Amino acid sequence: MIDLERFRAGGDRYFDYLLRAYGPLVLTITRAHGEDIDHAEDLFQEVWKRVLEKRHTFSGAGRFEGWIGRVTVNVCISDFRARKVHAEVMVRLAEAEQHENPRGENPDPLLKLQREELQITLHRALSLITEREQEAIRLRLFEQRPPEQVAELMGVERSTVRSLIRKGVNRLREISENLQG
């Protein structure tokens, strides 16, 4: 049983207690979903970051183990989707490059360099926007899910999804311009 008031206050000492008490559960789930131990540990850290961010959403009505388990699984699913989208983007880029160069000739080095720089800039920019903006953009724009489904997956209203995407895209544009300039 957790002390709901202390949990919501977010104090370091209570967080340390939660980490010791529920860390093994979280680690077991992240190890099952991670590609390797390093990836599982990254997921583990992301889960605890999310727990801190979402601590006010735990009502205390159900068991904390169930809540933190669901948070953990959601983080793992989001990570899997992001990796899947990244892999699909890389396949599309390879196909586009093959289409531009069907005979397998050496591609234009300048074009190749520009494409690589654009990819690096996009990845950097994505890492600099908020996690919620990243998730909304990934689900709606990359995975092309309908707004209702994105709202449901994120546990927010449709208007919030639109707002997150608008803010995220604007910030991406701004960040990309600064990174390229």
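Residues numbered from 1 in each chain as written. Predicted model: local features only at pLDDT ≥ 70, side-chain atom pairs only at ≥ 80, totals over all residues. Heavy atoms only, no water.

1. Points about the overall build of the chain
Link 1 in the chain: Within the chain, the secondary structure is distributed over 8 helices and 0 strands.
Link 2 in the chain: Counting helices and strands in the order they occur from the N terminus, the chain gives α-α-α-α-α-α-α-α.
Link 3 in the chain: For the chain, the spread of C-alpha atoms along the principal axes amounts to about 65 × 35 × 30 Å.
Link 4 in the chain: Residues classed as buried in the chain amount to 33% of the 181 residues present. (Helix = DSSP H or I, 4+ residues; strand = E, 2+ residues; numbered from the N terminus. Buried < 20%, exposed > 50% of the residue type's maximum accessible area, 1.4 Å probe, protein only.)

2. Focus: the confidence of the model for the chain
Caution is warranted with low-pLDDT regions, since their predicted coordinates should not be read in detail.
Link 1 in the chain: A residue-level look at the chain finds 90% of positions with pLDDT of 70 or above and a mean pLDDT of 83.
Link 2 in the chain: Mean pLDDT across the secondary structure elements of the chain bottoms out at helix α5 (residues 109-128), with 75, and peaks at helix α2 (residues 12-33), with 94. (pLDDT = per-residue confidence, 0-100.)

3. With respect to α5
Link 1 in the chain: Taking 1.5 Å as the rise per residue, α5 with 20 residues should run 28 Å; its terminal C-alpha atoms sit 29 Å apart, in good agreement.
Link 2 in the chain: Along α5, the residues classified as buried are Arg-115, Thr-121, Ala-125 and Leu-126. Along α5, the residues classed as buried sweep out an arc of 130° about the axis, all on the same side. Exposed and oriented more than 90 degrees from the buried face of α5 are Pro-109 and Ser-127. (Expected span 1.5 Å × (residues − 1). Arc of directions from axis to C-beta.)

4. Describing the packing of α2 against helix α3 (residues 37-54)
Link 1 in the chain: Running from amino to carboxyl end, α2 crosses α3 at an angle of 135°, the nearest separation of the two axes being 9 Å. Comparing the axis directions of α2 and α3 gives the class oblique. By crossing handedness, the relation of α2 to α3 is classed as right-handed. Contacts between α2 and α3 involve Phe-15, Leu-18, Leu-19, Tyr-22, Gly-23, Val-26, Leu-27, Thr-30, Arg-31 and His-33 on the former and, on the latter, Ile-37, His-39, Ala-40, Leu-43, Phe-44, Val-47, Trp-48 and Leu-52.
Link 2 in the chain: A class-by-class count of the residues in the contact of α2 with α3 yields 13 nonpolar, 4 polar and 1 charged. (Axes fitted to C-alpha atoms, helices over the stretch in contact; angles between N-to-C directions. Parallel < 35°, antiparallel > 145°, perpendicular 65-115°, else oblique. Left-handed = near helix turned anticlockwise from the far one by under 90°. Contact = heavy atoms within 4.5 Å. Nonpolar A, V, L, I, M, F, W, Y, C, P; charged D, E, K, R; others polar.)

5. Looking at the side chain of Arg-145
Link 1 in the chain: Looking at where Arg-145 falls in the secondary structure, it is placed in the loop between α6 (131-142) and α7 (147-154).
Link 2 in the chain: For Arg-145, the contacting residues outside a window of four places in its chain are Arg-81, Leu-139, Arg-140, Val-150 and Leu-153.

6. Points about the nonpolar core
Link 1 in the chain: The biggest cluster of nonpolar side chains holds 20 residues, and the ones touching the most others in it are Phe-7, Trp-48 and Phe-64.
Link 2 in the chain: If you list the elements that add at least two residues to this core, you get α2, α3 and α4 (64-100).
Link 3 in the chain: If you look at the next biggest cluster of nonpolar residues, it comprises 15 residues, including Leu-126, Ala-136, Val-150 and Ile-175. (Core = buried A, V, L, I, M, F, W, Y, C linked by side-chain atoms within 4.5 Å.)

7. Details of the environment of Val-47
Link 1 in the chain: With respect to the helices and strands, the residue Val-47 is situated in helix α3.
Link 2 in the chain: Each C-alpha atom, one on Val-47 and one on Leu-27, is 9.5 Å from the other, the two residues being 20 residues apart in sequence.
Link 3 in the chain: For Val-47, the contacting residues outside a window of four places in its chain are Val-26, Thr-30, Val-71, Thr-72 and Val-75.

8. Things to note about unusual backbone geometry
Link 1 in the chain: Non-glycine residue Gln-144 carries a positive phi angle of around 55°.
Link 2 in the chain: Considering the arrangement of structural elements, one finds Gln-144 in the loop between α6 and α7.

9. What about α2?
Link 1 in the chain: Here α2 is 22 residues long, yet its end C-alpha atoms lie only 28 Å apart, well below the 32 Å a rise of 1.5 Å per residue gives.
Link 2 in the chain: Taken together, the buried positions of α2 are Tyr-14, Phe-15, Leu-18, Tyr-22, Gly-23, Val-26, Ile-29 and Thr-30.

10. Topic: a negative patch on the surface
Link 1 in the chain: There is a patch of like negative charges on the surface, built from Asp-36, Asp-38, Glu-41 and Asp-42.
Link 2 in the chain: For Asp-42, the position within the fold is in helix α3.
Link 3 in the chain: With a relative accessible area of 48%, Asp-42 lands in the partly exposed category. (Patch = residues over 30% accessible without salt bridge, like charges linked within 9 Å, V, L, I, M, F, W, Y side chains within 5 Å. Areas by Shrake-Rupley, 256 points an atom, 1.4 Å probe, with all protein chains shown as cover. Salt bridge = Lys/Arg side-chain N within 4 Å of Asp/Glu carboxyl O. Lys, Arg positive; Asp, Glu negative; His and termini not counted. Charge placed at Lys NZ, Arg CZ, Asp CG, Glu CD.)

11. Quick notes on the packing of aromatic side chains
Link 1 in the chain: Applying the stated criterion across every chain yields a total of 10 aromatic pairs.
Link 2 in the chain: With a centroid separation of 5.8 Å and 80° between ring planes, the pair formed by Phe-7 and Trp-67 is classed as edge-to-face. Remark: Trp-67 occurs in helix α4 and Phe-7 occurs in helix α1 (residues 4-9); sequence separation between them is 60 residues.
Link 3 in the chain: In this structure Phe-7 comes out as buried when scored by relative accessible area, which is 4%.
Link 4 in the chain: An aromatic cluster is built from Phe-7, Tyr-22, Phe-58, Phe-64 and Trp-67, whose rings are joined through pairwise contacts. (Phe/Tyr/Trp six-rings, centres within 6.5 Å; stacked < 30°, edge-to-face > 60°.)

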